[in-house]
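Chain and residue survey
Here is how the chains run, residue by residue.
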Amino acid sequence: MSVGPQSLLNLPLFASGLRNLLQTLERREIAEVAARIASESGLDYAENKQGDRLNGTYRRMLTLNSGRFALIERANDLSLVPWRPVLERAKGQSVTGIVGGEGISWSIGIKRGLGR
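This is a predicted model, so every value here is computed, not measured.

**Examining the nonpolar core**
Counting 13 residues, the largest nonpolar core has Tyr 58, Ala 70, Ile 72, Val 81, Leu 87, Val 95 and Trp 106 as the members making the most contacts within it. Of all the secondary structure elements, the ones that give two or more residues to this core are strand E2 (53–64), strand E3 (67–73), strand E5 (94–100) and strand E6 (103–108). In terms of residue count, E6 provides more of this core than any other element does, three residues in total. Non-local contacts of Trp 106, meaning those with residues more than four positions away in its chain, are made with Leu 54, Ile 72, Val 81, Pro 82, Arg 84, Val 86, Leu 87, Val 95, Thr 96 and Gly 97.

**Examining the side chain of Thr 96**
When you line up the elements, Thr 96 lands in strand E5. Given a relative accessible area of 17%, Thr 96 falls into the buried group. Among the polar contacts listed, one links the side chain of Thr 96 to the side chain of Asn 55, at a separation of 2.9 Å. Beyond its immediate sequence surroundings of up to four residues, Thr 96 is in contact with Arg 53, Leu 54, Asn 55, Ser 105, Trp 106 and Ser 107.

**What to know about the pairing of E3**
It is a general feature of regular strands that their side chains alternate between the two faces of the sheet. Where E2 lies against E3, seven bridges are found, and the strand directions are antiparallel. The residue bridging Leu 64 from the neighbouring strand is Gly 67, located in E3. Strand direction decides the pairing type here: E3 and strand E4 (residues 77–82), joined by five bridges, are antiparallel. Bridge pairing in E4 links Ala 70 to Val 81.

Calculation notes
- Residues numbered from 1 in each chain as written.
- Predicted model: local features only at pLDDT ≥ 70, side-chain atom pairs only at ≥ 80, totals over all residues.
- Heavy atoms only, no water.
- Core = buried A, V, L, I, M, F, W, Y, C linked by side-chain atoms within 4.5 Å.
- Buried < 20%, exposed > 50% of the residue type's maximum accessible area, 1.4 Å probe, protein only.
- Helix = DSSP H or I, 4+ residues; strand = E, 2+ residues; numbered from the N terminus.
- Contact = heavy atoms within 4.5 Å.
- Polar contact = N/O pair within 3.5 Å; in protein donor to acceptor, adjacent residues only side chain to side chain.
- Pairing = 2+ DSSP bridges.

Take it as geometry only, folks, not as evidence of what the structure does.
Okay, here's the thing in structure tokens:
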């Protein structure tokens, strides 16, 4: 197979398709792991989308093929979200996050009082 000027014109299309494939594989892996954990815990799995507010208890970090994910548990469901090192100090504690395009902005613990 030769790589000439005509084949280079298709590189952006190829890269886009590869990126979509990787995202699909990541979502599939997360869904499979979440289904297994949900089955073991009796909780439902809740997928989070950009702009969602996430409140729950940080339980642990999971290392998957597609990266590290945090297990966040709520009363009736659980979520797997991108893990960040700051979460380790909050194991077993309440965390709040807002899902953004580049990850999640986390707040650790429960803040009490006015203006905090």
